[in-house]
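Listed here are the chains, written in short residue letters.
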Amino acid sequence: MSDKNSPWGGGGGGDDGNRNPWAVPPGGRPRPGAPKPTALDEFLRRARGPQGPGGGGGGFGGLPGGAQARNLWLAGIALVVVLWMGLTSIHVIGPQQRGVVTVLGRYADTLPSGIGVTWPAPFAAVQKIDVESVRTIGFPGNGGSENLVLTGDQNIVDLSYTVSWNVTNPQDYVFEIKDPEETVRAVAEASMRAVMATVTLDQAIAGGKAAIAARTQQLMQSLLNQYHAGIQVQGVDIGRVDPPSKVRDAFKEVSAAQQEAQSNMNNARGYAQQVIARAEGAAREFDLAYEQYRLAPEVTRRRMYYETLEQVLGRADKTVVGTPQGVQPYLPLPVTPRTPPPADEATVTSSARAGGGQ
């Protein structure tokens, strides 16, 4: 290939007849029809440097060689190390957060809010946990569907409620439970069903919501403490307690019938109390009359006789005429209409006549 008689010519010198037909001519302009240099050719040209492949002192890609290149490499490596340590060792913890530090996968420390320093990654890792925000889980979780719960008297209700909770121990929250939110959801549902199984339908629908919510919160907290979950239950709020939609109309009819029955029972109790009160009053009057009769029998008997005549004759049409002895009075009286007796007296009179006829 280096022979002058070679069709490719020598190494770049000589006349035009012996020059490489693909090489760039001395003027720098490529020959007409010659292929363009590729990216590999350009890279090799830059790698050879300005002195060519045989020259000395040139570095790779035009960089300086020798001690200067070594210093540049060391400075670059030092800069990378500083950036690596700064970005992975310094952690900014927010005011509502705590940082759980693990070194080689083992718990090491909990960083307070502020700026904390740890070993660089991958030796140490920091997980930031929000410990002040109150989180809420709603039941039923999928919106408009029903959440059917069985009560202690074998009735079914559609129940909706929400549970509020927050993190109190970041270490337990990270390491003791796998999925905190699902754990809280499962514990809340189990606790609510356990409490509802001890109450009746009337207690759940009427005024027992506050007591049910308090008992559910207490049971939830007890279970989470047993799990060492590091979670505090802030409250349970019961929203809807209704019968299932398929039997809601029938349930309303039953409720209306129960209310009507309760109203009738109240009316009956009131009437009974009135009758008992009148009977007790009559008994007291009789006792008083008996005491007076024991003290003065004749006077009391005559007074009772007069009072009875007054009650009987007070409602009848009558004329009383007083005449001297031995004189026959004549008093032409017009025919006056008789006042009809009251309904109760007329009934008693008719009954008495019927009894007399028999």
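Residues numbered from 1 in each chain as written. Predicted model: local features only at pLDDT ≥ 70, side-chain atom pairs only at ≥ 80, totals over all residues. Heavy atoms only, no water.

## What about the packing of aromatic side chains?
Logical step 1: Tallied over the full model, the rule gives three aromatic pairs.
Logical step 2: Ring centres of Phe-139 and Tyr-161 lie 4.6 Å apart, and the angle between their planes is 15°; this geometry places the pair in the stacked category. On the criterion of sequence distance, the pair formed by Phe-139 in strand 6 (residues 135-139) and Tyr-161 in strand 8 (residues 156-167) is long-range, its members being 22 residues apart. You'll find Phe-139 and Tyr-161 in the same group, each marked buried. (Phe/Tyr/Trp six-rings, centres within 6.5 Å; stacked < 30°, edge-to-face > 60°. Helix = DSSP H or I, 4+ residues; strand = E, 2+ residues; numbered from the N terminus. Buried < 20%, exposed > 50% of the residue type's maximum accessible area, 1.4 Å probe, protein only.)

## Brief notes about the pattern of salt bridges
Logical step 1: In total, this model carries five salt bridges according to the counting rule given.
Logical step 2: For the salt bridge of Glu-189 with Arg-193, the shortest nitrogen-to-oxygen distance reads 3.5 Å. Residue Glu-189 and its partner Arg-193 are located together in helix 4 (residues 180-196), separated by four residues, close to a single helical turn.
Logical step 3: The exposure class assigned to Arg-193 is partly exposed, which follows from its relative accessible area of 34%.
Logical step 4: One salt bridge in this structure joins Arg-294 and Glu-291, with 2.8 Å as the shortest N-O distance. (Salt bridge = Lys/Arg side-chain N within 4 Å of Asp/Glu carboxyl O.)

## With respect to the sheet that holds strand 5 (residues 124-130)
Logical step 1: Within the open sheet, the three strands sit side by side as 3-2-5. Their pairing is antiparallel. Across the chains shown, the open sheet's two edge strands, defined by having one partner strand only, are strand 3 (106-111) and strand 5. Adjacent strand axes in the sheet meet at a mean angle of 25°, parallel and antiparallel pairs treated alike.
Logical step 2: The pairing of strand 2 (residues 97-103) with strand 3 spans five bridges and is antiparallel. Pairing of Gly-99 across the sheet is with Leu-111, part of strand 3. (Pairing = 2+ DSSP bridges. Axes fitted to C-alpha atoms, helices over the stretch in contact; angles between N-to-C directions.)

## Re unusual backbone geometry
The bulk of non-glycine residues show a negative phi, and the bulk of peptide bonds are trans.
Logical step 1: Omega for the peptide link from Ala-121 to Pro-122 comes to 5°, which places this bond in the cis form.
Logical step 2: In this structure, Pro-122 sits in the loop between strand 4 (114-117) and strand 5.
Logical step 3: Unusually for a residue other than glycine, Leu-104 sits at a positive phi of about 55°.
Logical step 4: Structurally, Leu-104 is set in the loop between strand 2 and strand 3.
Logical step 5: You can call Leu-104 exposed: its relative accessible area is 70%.
Logical step 6: Positive phi, close to 65°, is recorded for Gln-154, a residue that is not glycine.
Logical step 7: By the secondary structure assignment, Gln-154 is in the loop between strand 7 (148-150) and strand 8.

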